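As a plain string of letters, each chain reads:
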Amino acid sequence: MSTRQRLRRAGTERGAISVFLAVLVPGLLLIIGLAVDGGAKVAATQRANAVADEAARAGGQALDVAAALAGQVQVDPAAAVAAAQDYLGRTGVQGTVTVVDGDTLQVTTTITEPTTFLGLVGISALTVEGSGTADLITDQTGGAGP
């Protein structure tokens, strides 16, 4: 094979790596985006659940002072809702607080997390929800502990 034939043969494959990279790079960016932004979504979900649990716990500690003075340990549902909403306000997380069946405080939170890589394909934010509950102590008579 002459030098001219070798150069002609090498020239036919010229630019092949550019096409390969043009096809490969967007796919790799999408996979990296899913990994990074998927991890951020999992972390945001964990935070939403943790804040909801803590807000429910804060509400569950809102004792009815008048009943406590009379020797009964019970939670005031209105004060529980206010305490949970106050906790949500201090953490800067949006959420709703409701009392279910008069003895369960239910907190639902919503967090919107901006994306890093998925913005390239039009997904600019991911919204996650979390929930937490606390059982409200009602109608317990105080007395000597165990």
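Before reading further, recall that the structure is shown in the block above.
Quick caveat: nothing in here was measured; it's all calculated off a predicted structure. (Residues numbered from 1 in each chain as written. Predicted model: local features only at pLDDT ≥ 70, side-chain atom pairs only at ≥ 80, totals over all residues. Heavy atoms only, no water.)

Further remarks concern helix α4 (residues 77-91). Between the first and last C-alpha of α4 there are 21 Å, a value that for 15 residues agrees with the 21 Å anticipated at 1.5 Å per step. By the burial criterion, the buried members of α4 are A80, V81, A84 and L88. One side of α4 holds all its buried residues, which, seen down the axis, span an arc of 100°. Exposed and oriented more than 90 degrees from the buried face of α4 are A78, G89 and R90. Positive backbone phi, at 75°, marks G92, one or two positions downstream of α4. (Helix = DSSP H or I, 4+ residues; strand = E, 2+ residues; numbered from the N terminus. Expected span 1.5 Å × (residues − 1). Buried < 20%, exposed > 50% of the residue type's maximum accessible area, 1.4 Å probe, protein only. Arc of directions from axis to C-beta.)

By secondary structure assignment, the location of D37 is in helix α2 (residues 16-60). No salt bridge is formed by the buried D37; the nearest opposite charge belongs to K41, separated by 11 Å. A polar side-chain atom of D37 sits 2.8 Å from the main-chain amide nitrogen of L118. Apart from the residues within four sequence positions on either side, D37 is in contact with T115, T116, F117, L118 and L126. (Lys, Arg positive; Asp, Glu negative; His and termini not counted. Salt bridge = Lys/Arg side-chain N within 4 Å of Asp/Glu carboxyl O. Polar contact = N/O pair within 3.5 Å; in protein donor to acceptor, adjacent residues only side chain to side chain. Contact = heavy atoms within 4.5 Å.)

The subject of this paragraph is the environment of V100. Its location among the elements puts V100 in strand β2 (residues 94-100). On the basis of relative accessible area, V100 is assigned to the partly exposed category, the value being 31%.

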